[in-house]
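Listed below, chain by chain, are the residues.
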Amino acid sequence: MGFKCGIVGLPNVGKSTLFNALTATASAEAANYPFCTIEPNIGRVGIPDPRLYALAALAKSGKIIPTQLEFVDIAGLVRGASKGEGLGNQFLGHIREVDAIVHVVRCFEDTDITHVEGGIDPIRDIDIIETELMLADMESLEKRIPALEKKLRLKDPEALAQFPLMERALQLLREGKPASSLQCAPEDRETLRQLQLLTTKPILYVCNVAESDAATGNAFSEKVKTEKGRIALVSAAIEAEVASLDNDEEKKEFLESLGLEETGLARVIREGYALLNLLTFFTIGPKEARAWTIHENAKAPQAAGVIHSDFERGFICAETIGYEDYVAFQGEQGAKAAGKVRLEGRDYVVKDGDIFHFRFNV
């Protein structure tokens, strides 16, 4: 388990260039004309985490397996997509199951790259995309509600739970508000999530800036940050260059020459984890060192279940070492000798960086 992001944006904002760079593939054709991505593209990348490599070195692990991030890239959306304009609306269904939406916004000037709206205005561009997502959700609900009404007459439990939420969400959408603004009881949130409405997805705004603005941003990205909150600064041009370099040392030197400490991918991951309230735990041994992703406030049995459902069902306890203790005492044996290995039960809340060995009985 990592997390899955759907990439949206207007044509020519650098969406496919960024996708190619982040996934180090050329599966999405990047070209200076709208709709060059005519099929949804899926790419998976290992999430860089220096802690995993430090732990693997101490345990002399034979294999290192990072947790993964999946990107789903769809054709650029345009104004009127919900009415059939352009190609992007055909593929919105491919992002209904994602955990979050990465909205790539053009925040750079370049007379050689046309803009479908005629000029650079990131807030206008965001409003266009978000309006199309709301219209797509309206269309989805308007199609589903009549069928659900038939089930209501039969007292179907699922219909009884979903129908009032769907009606209220539809009313908000008709008022020009996203379904995420729907106020509902905690017990209804999972039902709302299961409706897979695009406007209930958390959104990370990725501001695609020029190389010279990658470290500090610019007036365009600052406006997005002020009005929309969480952003990640990325230069698709820099990411493409980094992806073409052969080794980590070359990548590090190139980034440092630009005043950058990390890649855009690392920033997207960090902001995405914060947006979705995710954390990482590890399983470490001589065969493999592996990272796993789980939501904050998850308990030990749920973490075990991320590895295998049998582990959660037969959970007994979790041998637990904190990352700092594992490193400070040079591995599992040193941590045991120092009394830093804990046996945690069902109510233990997972902490970022925990190293687990699960005991279970099925």
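1. Quick notes on the overall build of the chain
Part 1 of the reasoning: Assigned secondary structure in the chain consists of 13 helices and twelve strands.
Part 2 of the reasoning: Counting the 362 residues in the chain, one finds 48% classified as buried.
Part 3 of the reasoning: Of the contacts made within the chain by residues no fewer than 6 positions apart, 68% connect residues no fewer than 24 positions apart.
Part 4 of the reasoning: Total accessible area on the chain stands at roughly 17600 Å², and carbon and sulfur atoms take up 49% of it.

2. Brief notes about the packing of aromatic side chains
Part 1 of the reasoning: Taken as a whole and assessed by the stated rule, the structure comprises seven aromatic pairs.
Part 2 of the reasoning: Relative to phenylalanine 358, the ring of phenylalanine 281 has its centre 6.4 Å away and its plane inclined at 85°; by these criteria the two rings are edge-to-face. With phenylalanine 281 in strand β8 (residues 278-284) and phenylalanine 358 in strand β12 (residues 355-360), this pair connects stretches of sequence that are 77 residues apart.
Part 3 of the reasoning: By relative accessible area, which is 8% here, phenylalanine 358 ends up buried.
Part 4 of the reasoning: Counting every residue linked through ring pairs, the aromatic cluster contains Phe281, Trp292, Phe315, Tyr348, Phe356 and Phe358.
Part 5 of the reasoning: Directly above the aromatic system of phenylalanine 108 lies the positively charged group of arginine 106, at a separation of 4.4 Å from the ring centroid.

3. Some remarks on the side chain of glutamate 344
Part 1 of the reasoning: If you trace the backbone, glutamate 344 turns up in strand β11 (residues 342-344).
Part 2 of the reasoning: According to the relative accessible area criterion, glutamate 344 is buried, its value standing at 17%.
Part 3 of the reasoning: Only 2.7 Å separates the side chain of glutamate 344 from the side chain of arginine 342, close enough to count as a polar contact.
Part 4 of the reasoning: Every residue in contact with glutamate 344, bar those within four places of it in the chain, is listed here: Phe315, Cys317, Ala318 and Thr320.

4. Remarks on the pattern of salt bridges
Part 1 of the reasoning: Considering all chains together, one arrives at 20 salt bridges under this definition.
Part 2 of the reasoning: In this structure, lysine 15 engages aspartate 73 in a salt bridge whose closest nitrogen and oxygen atoms are separated by 2.9 Å. Residue lysine 15 is found in helix α1 (residues 15-23), and its partner aspartate 73 is found in strand β4 (residues 68-73); the two are separated by 58 residues along the sequence. The exposure classification of lysine 15 matches that of aspartate 73, with both residues buried.
Part 3 of the reasoning: Here the salt bridges share partners, and the residues they tie into one network are Lys4, Arg44 and Glu70.

5. Considering the environment of glutamate 139
Part 1 of the reasoning: Mapped onto the elements, glutamate 139 comes out in helix α3 (residues 122-153).
Part 2 of the reasoning: We classify glutamate 139 as partly exposed; its relative accessible area is 32%.
Part 3 of the reasoning: With 31 residues separating them in the primary sequence, glutamate 139 and leucine 170 have C-alpha atoms 9.3 Å apart.

6. Some points on a negative patch on the surface
Part 1 of the reasoning: Taken together, Asp246, Asp248, Glu249, Glu250, Glu253, Glu256 and Glu261 make up a surface patch of like negative charges.
Part 2 of the reasoning: By secondary structure assignment, the location of aspartate 246 is in the loop between α7 (236-244) and α8 (248-257).
Part 3 of the reasoning: Taking the relative accessible area as the measure of exposure, aspartate 246 reaches 70% and is therefore exposed.

Conventions we followed
Residues numbered from 1 in each chain as written. Predicted model: local features only at pLDDT ≥ 70, side-chain atom pairs only at ≥ 80, totals over all residues. Heavy atoms only, no water. Helix = DSSP H or I, 4+ residues; strand = E, 2+ residues; numbered from the N terminus. Buried < 20%, exposed > 50% of the residue type's maximum accessible area, 1.4 Å probe, protein only. Contact = heavy atoms within 4.5 Å. Areas by Shrake-Rupley, 256 points an atom, 1.4 Å probe, with all protein chains shown as cover. Phe/Tyr/Trp six-rings, centres within 6.5 Å; stacked < 30°, edge-to-face > 60°. Lys NZ or Arg CZ within 6 Å of the ring centre and 35° of its normal. Polar contact = N/O pair within 3.5 Å; in protein donor to acceptor, adjacent residues only side chain to side chain. Salt bridge = Lys/Arg side-chain N within 4 Å of Asp/Glu carboxyl O. Patch = residues over 30% accessible without salt bridge, like charges linked within 9 Å, V, L, I, M, F, W, Y side chains within 5 Å. Lys, Arg positive; Asp, Glu negative; His and termini not counted. Charge placed at Lys NZ, Arg CZ, Asp CG, Glu CD.

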